[in-house]
Amino acid sequence: QVQVVESGGGLVQPGGSLRLSCAASGSILSISVMGWYRQAPGKERELVATITRAGSADYAESVKGRFTISRDNAKSTAYLQMNSLKPEDTAEYYCKVQRKWGATILGDSWGQGTQVTVSS
């Protein structure tokens, strides 16, 4: 069992920056891929970025060059550095943690989300 808590959201002006944190706890040895997703009202939840234990990252095209995902395995924590923020980035941001044991994928754990609002 893994618990996930996001933090770092808030209100920022266009062009500004925010850094989100995703802290995992519980059965931390089962933690595999970690990722950030976002969802705006009336829209589908979409993938923002993912990162493996070894540090291999993938990004949505809409955030490439602006967002950076990273992780600290010793702290069981993932981060999302968001720069050059746009109003279109406004959404609830969620952290997803993939759990596995050996080669067996056990499932996903989700946090409660943190709100990011980009507005002037």
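Let me sum up the structure you'll find in this document.

All right, on to the overall build of the protein then. Check the secondary structure of the protein and you find 0 helices and 11 strands. The linear arrangement of helices and strands in the protein, starting from the amino end, is β-β-β-β-β-β-β-β-β-β-β. A compact globule built from 120 residues would reach a C-alpha radius of gyration of about 14 Å, and the protein, at 14 Å, matches this within 12%. C-alpha extents for the protein along the principal axes are approximately 45 × 25 × 25 Å. Residue pairs in contact within the protein that sit at least 24 positions apart in sequence constitute 54% of those at least 6 positions apart. Accessible surface computed for the protein: about 6,400 Å², of which carbon and sulfur atoms make up 49%.

For the rest of this paragraph, the subject is the state of the cysteines. With the rule as written, the count across this model stands at 1 disulfide. In this model, Cys22 is linked to Cys95 through a disulfide, with the two sulfur atoms separated by 1.9 Å. Disulfide Cys22 to Cys95: torsion about the S-S bond roughly -75°, handedness left-handed. Taken as a pair, Cys22 in strand β3 (residues 18-26) and Cys95 in strand β9 (residues 91-101) lie far apart in primary sequence, 73 residues in all. Exposure remark for Cys22: the relative accessible area of 0% places this residue in the buried category. With a relative accessible area of 0%, Cys95 lands in the buried category.

Looking now at the nonpolar core. Ranked by internal contacts, the top residues of the largest apolar core, which has 28 residues, are Trp36, Leu80, Met82 and Tyr93. Of all the secondary-structure elements, those providing two or more residues to this core are β1 (2-7), β3, β4 (31-39), β5 (46-51), β7 (67-72), β8 (77-82), β9 and β11 (114-118). Apart from the residues lying within four places of it in its own chain, the contact partners of Tyr93 are Glu6, Leu20, Trp36, Tyr37, Arg38, Val48, Phe67, Leu80, Met82, Gly113, Thr114 and Val116.

Put simply, the largest pocket is a space of about 170 Å³. Of the residues in the lining of the largest pocket, the class split is 2 nonpolar, 3 polar and 8 charged.

Remark on secondary structure: sheet strands pair via backbone hydrogen bonds, oriented parallel or antiparallel. Reading across from one edge, β1-β3-β8-β7 is the order of the 4 strands in this open sheet, with antiparallel pairing throughout. Looking along the sheet, the strands with just one partner apiece sit at the ends: β1 and β7. Adjacent strand axes in the sheet meet at a mean angle of 15°, parallel and antiparallel pairs treated alike. Relative to β8, β3 runs antiparallel, the two being bridged by 6 bridges. Bridge pairing in β8 links Cys22 to Ala78.

Next up on the list: the environment of Ser21. Tracing the backbone through its elements, the reader meets Ser21 in strand β3. Spatially, the C-alpha atoms of Ser21 and Leu80 are 6.6 Å apart, while their sequence positions differ by 59 residues. Leaving out residues up to four positions away in the same chain, Ser21 has contacts with Val5, Glu6, Ser7, Trp36, Ala78 and Tyr79.

What counts, and at which threshold
Residues numbered from 1 in each chain as written. Predicted model: local features only at pLDDT ≥ 70, side-chain atom pairs only at ≥ 80, totals over all residues. Heavy atoms only, no water. Helix = DSSP H or I, 4+ residues; strand = E, 2+ residues; numbered from the N terminus. Rg over C-alpha atoms; globule rule 2.2 N^0.38 Å. Contact = heavy atoms within 4.5 Å. Areas by Shrake-Rupley, 256 points an atom, 1.4 Å probe, with all protein chains shown as cover. Disulfide = S-S within 2.5 Å. Buried < 20%, exposed > 50% of the residue type's maximum accessible area, 1.4 Å probe, protein only. Core = buried A, V, L, I, M, F, W, Y, C linked by side-chain atoms within 4.5 Å. 1 Å grid on protein atoms, 1.4 Å probe; cavity = no way out; pocket = protein on both sides within 12 Å on 5 of 7 lines; lining within 4 Å. Points joined across faces, edges and corners; volume = space filled by probe spheres on them. Nonpolar A, V, L, I, M, F, W, Y, C, P; charged D, E, K, R; others polar. Pairing = 2+ DSSP bridges. Axes fitted to C-alpha atoms, helices over the stretch in contact; angles between N-to-C directions.

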